[in-house]
Amino acid sequence: MKHNAILVAGPSMRPEGWRKRLAAALPDSPVHVLGESFDKASIGYAATWWHPPGSLSDLPNLKAIFSLGAGVDHVFVDPQLPAVPVARVVDPDLTQRMTEWTVLHVLLHHRQQRLYDRQQQDKLWQEDHEQPAAKDVRVGVMGMGELGADAAEKLKFLGFDVAGWSTTRKSLPGIRSFAGAGERDAFLARTDILVVLMPHTPATHGIINAELLSKLAKNGRLGGPFLVNAGRGGLQVEADILAALDAGTLKGASLDVFETEPLPADSPLWTHPKVYVSPHNAAISDHDAISVFIARQIERLEAGGKLEHVVSRDKGY
Ligand code: NDP
Ligand code: OXD
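The structure presented is a predicted model; accordingly, all values stated were derived computationally and were not measured.

### With respect to the domain arrangement of the protein
Many structure descriptions define interface size as the accessible area lost when the parts assemble.
So, point 1. The domain architecture assigned to the protein consists of domain 1 (5-91 + 285-302) and domain 2 (92-277).
So, point 2. Between domain 1 and domain 2, the C-alpha centre-to-centre distance is 33 Å.
So, point 3. Each partner contributes residues to the interface: domain 1 has nine residues there, and domain 2 has seven residues.
So, point 4. Counting across the domain 1 and domain 2 interface gives one salt bridge.
So, point 5. Residues Arg 232 and Asp 73 are paired through a salt bridge, measuring 2.8 Å at the closest nitrogen-oxygen approach.
So, point 6. If you look at where domain 1 meets domain 2, you find four residue pairs in polar contact (both at pLDDT 80 or more).
So, point 7. In the side of domain 1 that touches domain 2, the residues fall into three nonpolar, two polar and four charged.

### Re the pairing of strand β6 (residues 138-142)
So, point 1. Most of β6 is tucked away: five of the five residues are buried.
So, point 2. With burial as the criterion, each face of β6 is covered, one bearing Arg 138, Gly 140 and Met 142 and the other bearing Val 139 and Val 141.
So, point 3. The pairing of β6 with strand β7 (residues 161-166) spans five bridges and is classified as parallel. Within β7, the residue paired with Met 142 across the bridge is Trp 165.
So, point 4. Where the polypeptide runs from β6 across helix α5 (residues 146-157) and back to β7, its parallel neighbour, the crossover connection is right-handed.
So, point 5. Bridging between β6 and strand β9 (residues 193-196) involves four bridges; their strand directions are parallel. Within β9, the position partnered with Met 142 by the bridge is Val 196.

### Quick notes on the site of ligand 1
So, point 1. In the neighbourhood of ligand 1, 29 residues make up the surrounding shell, with Arg 88, Thr 168, Lys 170, Asp 256 and Tyr 317 lying closest.
So, point 2. Within the contact set of ligand 1, an oxygen atom lies 2.9 Å away from a backbone nitrogen or oxygen of Leu 147.
So, point 3. For ligand 1, whose free accessible area comes to 930 Å², the fraction covered by protein is 90%.
So, point 4. For the shell around ligand 1, the secondary structure elements donating two or more residues are α3 (92-110), α5 and β7.
So, point 5. Of the residues assigned to the shell around ligand 1, the class counts are 15 nonpolar, nine polar and five charged.
So, point 6. Shared between two domains, the shell around ligand 1 takes at least three residues from each, and those domains are domain 1 (5-91 + 285-302) and domain 2 (92-277).

### Looking at the site of ligand 2
So, point 1. In the vicinity of ligand 2, the contacting residues are Trp 49, Gly 69, Ala 70, Gly 71, Arg 232, His 280 and Ala 283.
So, point 2. Within the backbone of Ala 70, a nitrogen or oxygen atom sits 2.7 Å from an oxygen atom of ligand 2.
So, point 3. One of the backbone nitrogen or oxygen atoms of Gly 71 is found 2.8 Å away from an oxygen atom of ligand 2.
So, point 4. Coverage of ligand 2 by the protein chains reaches 83% of its 210 Å² of free accessible surface.
So, point 5. For the shell around ligand 2, the class distribution of residues is three nonpolar, three polar and one charged.

### Comments concerning α5
Residues spaced three or four apart along an α-helix point in a common direction, a consequence of the helix completing one turn every 3.6 residues.
So, point 1. Here α5 spans 17 Å end to end across 12 residues, near enough to the 16 Å set by a 1.5 Å rise per residue.
So, point 2. If you check which residues of α5 are buried, you get Leu 147, Gly 148, Ala 149, Asp 150, Ala 151, Ala 152 and Leu 155.
So, point 3. Contacts made by the buried residues of α5 are with α3, β6 and β7.
So, point 4. A positive phi of about 110 degrees marks Gly 159, the residue just after α5.

Reading the values: the criteria
- Position labels on residues start from 1 in each chain and follow its written sequence.
- Think of it this way: whatever chain is written first is A, whatever ligand is written first is 1, and the rest follow in order.
- For a predicted model such as this one, the threshold for reporting local features is a pLDDT of at least 70, and the threshold for listing and counting side-chain atom pairs is 80 or more; totals across whole chains, interfaces and linings nevertheless cover every residue.
- Calculation of side-chain values draws on the structure's entire complement of heavy atoms; hydrogens and water are dropped beforehand.
- Note that the domain bounds were set by an automatic or database domain assignment.
- We call two residues in contact whenever any of their non-hydrogen atoms come within 4.5 Å of each other.
- For this analysis, a salt bridge means a side-chain nitrogen from Lys or Arg found within 4 Å of a carboxyl oxygen belonging to Asp or Glu.
- Here a polar contact is recorded for every N or O atom pair within 3.5 Å, except that within protein the pair must consist of a potential hydrogen donor and a potential acceptor, and residues adjacent in sequence are included only if both atoms are side-chain atoms.
- In this classification, Asp, Glu, Lys and Arg are treated as charged, Ala, Val, Leu, Ile, Met, Phe, Trp, Tyr, Cys and Pro as nonpolar, and every other residue, Gly included, as polar.
- Exposure categories follow from relative accessible area, calculated using a 1.4 Å probe and restricted to protein chains: below 20% of the type maximum is buried, above 50% is exposed, and the middle band is partly exposed.
- Put simply, DSSP marks the helices as runs of H or I at least four residues long and the strands as runs of E at least two long, and each gets a number from the N terminus on.
- Strands are treated as partners if at least two bridges between them are detected by DSSP.
- By the criterion used throughout, a crossover qualifies as right-handed when its path from the first strand across the helix to the second strand runs clockwise, the strands pointing away from the viewer.
- Any residue with a heavy atom lying within 4 Å of a molecule or strand is counted as near it.
- Areas reported here follow the Shrake-Rupley algorithm with a probe of radius 1.4 Å; residue values treat only the protein chains shown as occluding.
- Multiplying 1.5 Å by the residue count of a helix minus one yields the expected span of that helix.

So this is what it looks like as structure tokens:
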């Protein structure tokens, strides 16, 4: 028997839509949805988004797990995760969308958009605010992987003074690379707008906290630092962000991700005058493209090839 059936294990992700797309992309592979009855031994592949912990543990012929997104934090929270390779999505469309959101929010802070929104509300025509040039504004990108590197390059193209921080050193033209814990504080000290595009792992949990925020540049041309986070809510301590905003040590923030999602109605972030909130949709992935991506990966594996974009279990990304 060929163990090539696919199990869609993403209860919150409209699984029927994924069933249709995956079936169209791989007509020879049966596609099942978690919760219905199926032969567990037939499942070779699981496509998951926040699958219920333990729900993949009794699939004896499972060969690989595919995250239905770029992040894999939702996969690794399962303590009974089978010991098979876990692959994630790397898709140019997703990268492009994330870069759009990142550039938009860096520019909103750089060009003081909240100030002009207020002026418009008040019908106030005042054009003499100081506006620094992009070259005099230092953007720091935390996480220089697929998404961070692309956003950093586009921000550099717009003229910003861009640096990146990652575990390993990068070499991108015109973008200074800071690497590892030892260089983190120097990176923060030269950052006016902090862009966070990191995965949520045990090592990065709560990294955007009071201590980190206090190390951002205080001498920048924007009059104080800004935070732009589209990585994961688990990276940030929202109470610390709010305290820094209220103390004026953080001038503004754009948040696409939150400690609890959906963001609870009573969160002060919703109405904070210095905060932009978006509902974790900086980069909604193209479901057709992801289905084809997974289908091609399965075809490669079935033909004896190697799975691409496999993540490290040890590192959690
Ligand atoms: P990658 O795995 O390609 O890049 C991750 C980057 O983070 C790498 O540069 C890595 O360093 C760095 N990093 C990881 N851990 C640490 C650490 N402890 N210290 C310093 N640097 C670290 O991921 P992507 O760029 O594809 O995606 C990043 C994240 O974006 C995803 O994990 C997901 O959480 C989020 N995301 C959010 C979306 C949204 O809509 N808001 C959509 C898609 C993704 P190194 O390169 O040295 O390994
Ligand atoms: C992802 C996301 O990880 O949408 O792809 O957050």
